Amino acid sequence: MTNLQRWLFYATLFAVPYLALVLGTVQTPLTSKYLLHIQLLPVLLLVLFGVYSVFTVLYRTFTFNDCPEAAKELQAEILEARKDLIAKGFKFRD
């Protein structure tokens, strides 16, 4: 099962009972009492997903590991590329 199929499956598992409640197919005293809450449930879930996403991005940004070896390797490759370009006649402005 691909990720798309999994997300569509979960969306269907939420959407079918939700639409049944909102469209009035299922009528119970509980659904009548909390109809506004049920109607606002997708908005609440969207807000919660946004908060989760923001905290996940912030957490991973603040706990990002430095890679000094990779930085040195990249600087060496940049110097090598500069030397190669200078040998081919490219002139830098520094």
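Scope of this entry: the structure provided in the associated data block. The model shown is predicted, which means the values in this text are computed figures rather than measured ones. (Residues numbered from 1 in each chain as written. Predicted model: local features only at pLDDT ≥ 70, side-chain atom pairs only at ≥ 80, totals over all residues. Heavy atoms only, no water.)

## Thoughts on the overall build of the protein chain
Across its full length, the protein chain carries five helices and zero strands. Each helix and strand of the protein chain, placed in order from N terminus to C terminus, yields the pattern α-α-α-α-α. Computed over the C-alpha atoms, the radius of gyration of the protein chain is 27 Å, more than 25% above the 12 Å expected from 2.2 N^0.38 for a compact globule of 94 residues. Referenced to the eigenvectors of the C-alpha coordinate spread, the extents of the protein chain come out at roughly 80 × 30 × 25 Å. Looking at the protein chain as a whole, 4% of its 94 residues are labelled buried. Taking the average place of the 9 positive charges on the side chains of the protein chain and the average place of its 7 negative ones, the gap between the two points comes to 11 Å. (Helix = DSSP H or I, 4+ residues; strand = E, 2+ residues; numbered from the N terminus. Rg over C-alpha atoms; globule rule 2.2 N^0.38 Å. Buried < 20%, exposed > 50% of the residue type's maximum accessible area, 1.4 Å probe, protein only. Lys, Arg positive; Asp, Glu negative; His and termini not counted. Charge placed at Lys NZ, Arg CZ, Asp CG, Glu CD.)

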